[in-house]
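Coordinates in review
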Amino acid sequence: MAEFRTLKLEIEDRIALVTLNQPKVLNALNQATMEELEEAFLERLAQDDVGAVILTGAGEKAFVAGADIKELAALDPLEARAKSRQGHRLLELIEGFSKPVIAAINGFCLGGGCELALACHIRIAAESAQIGLPEVKLGLIPGYGGTQRLPRLVGKGKAMEMILSGESISAQEAERVGLVNRVVSRKDLIPRCRELAAGILANGPLAVRSCIEAVNSGLDMPLQEATRLEASLFSLCCATEDMKEGTRAFIDKRKPQFKGR
Ligand code: CO8
């Protein structure tokens, strides 16, 4: 198993639990974490024994309380641009990952932490979670895609309010506005994320991958182009053994055995 300094990675039943593991600084994203996350997604999590990923934060207080403010404070403009682009690259890698990525938001989910969660495919929050983009309070703007992904998820008005005020919202409000999919108790957080991941893993993996691509790519296209993409992905699915197995299993009234082929 790959060794990381800032992450803990556990794989069980094809579900990888990735814990951002610097609880003393509320799992703030420093350069090392960003590099290790990128390495994890490009290498270990891309391997075949991983079918789904859950991202969470170590400790009881935080998912991720933002980018590391001590590192940000020392940036000159060119370094800041490079750092912002590094974050965009990582978050695009996560958003476009071919396997489902679930954010298990266990507490403060602020700034870069909120942006990380926004790049995940699904967000489940513990009741104690507080979610926001407080960058303006530091004289900054969100720099890891928050100004773009938040309005796409919750609409322009709510996103503007959160980004301009810098105020966090509760887990319950986040659920109401569609920022998180569901709120659960802290003790149920990881088990519920595992259940969700296991449910997705029971489906045809090539179909799941195509759904991620259709939703992600289609949202940035005009509708007619996006529906053409859907038709292409649909027809590709019809070339898979999994599609034959899934439809045959339904007709035979049994559970399908998908092989990812
Ligand atoms: N960066 C560095 N250290 C942090 C961070 C952070 N984001 N958040 C918390 N810590 C550290 C604290 O400094 C403290 O360390 P120490 O014990 O050494 O003083 C430790 O974590 C515990 O934190 P607190 O004592 O502050 O805990 P509280 O329970 O009192 O408060 C809060 C919790 C409210 C979450 C508080 O810690 C806080 O406000 N943190 C900062 C939140 C924030 O502003 N986040 C946004 C950061 S900016 C950002 O994310 C930009 C992303 C885009 C970057 C683009 C690249 C160029």
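Residues numbered from 1 in each chain as written. Predicted model: local features only at pLDDT ≥ 70, side-chain atom pairs only at ≥ 80, totals over all residues. Heavy atoms only, no water.

A word on the site of the ligand. Neighbouring the ligand are 24 residues; Lys 61, Ala 65, Ala 67, Ile 69 and Gly 112 lie closest to it. Taking Gly 112, its main chain carries an N or O atom lying 2.7 Å from an oxygen atom of the ligand. Within the complex, the protein chains bury 66% of what would otherwise be the 1,100 Å² of accessible surface of the ligand. Counting residues per element, the ones that place at least two in the shell around the ligand are α2 (69–73), α3 (77–95), β6 (108–110) and α4 (112–119). The biggest single contributor to the shell around the ligand is α3, with 3 residues. In the shell around the ligand, the residues fall into 13 nonpolar, 5 polar and 6 charged. (Near = heavy atom within 4 Å. Polar contact = N/O pair within 3.5 Å; in protein donor to acceptor, adjacent residues only side chain to side chain. Areas by Shrake-Rupley, 256 points an atom, 1.4 Å probe, with all protein chains shown as cover. Helix = DSSP H or I, 4+ residues; strand = E, 2+ residues; numbered from the N terminus. Nonpolar A, V, L, I, M, F, W, Y, C, P; charged D, E, K, R; others polar.)

Within an α-helix, residues lying three or four positions from one another point in the same direction, as the helix has 3.6 residues per turn. The end-to-end C-alpha separation of helix α8 (residues 189–201) is 18 Å, in line with the 18 Å expected for 13 residues at 1.5 Å each. Buried-residue contacts for α8 involve β2 (15–20), β3 (52–57), β5 (101–105), β7 (122–126), β10 (182–184) and α9 (205–219). (Expected span 1.5 Å × (residues − 1). Contact = heavy atoms within 4.5 Å.)

Taken domain by domain, the chain consists of domain 1 (7–201) and domain 2 (205–252). Contact with domain 1, which involves 9 residues of that partner, is made by 5 residues of domain 2. For the pairing of domain 1 and domain 2, the buried interface totals around 450 Å² over both sides, and the portion due to carbon and sulfur atoms is 59%. Sorting the residues of domain 1 by area buried against domain 2 places Glu 95, Ser 98 and Ile 200 first, and these three jointly supply 59% of that buried surface. Summed over the shared surface of domain 1 and domain 2, the number is 0 salt bridges. The interface formed by domain 1 and domain 2 includes 1 residue pair in polar contact (both at pLDDT 80 or more). The class makeup of the residues in the side of domain 1 that touches domain 2 is 3 nonpolar, 3 polar and 3 charged. (Domains from an automatic or database assignment. Buried area = accessible area lost by both parts, 1.4 Å probe. Salt bridge = Lys/Arg side-chain N within 4 Å of Asp/Glu carboxyl O.)

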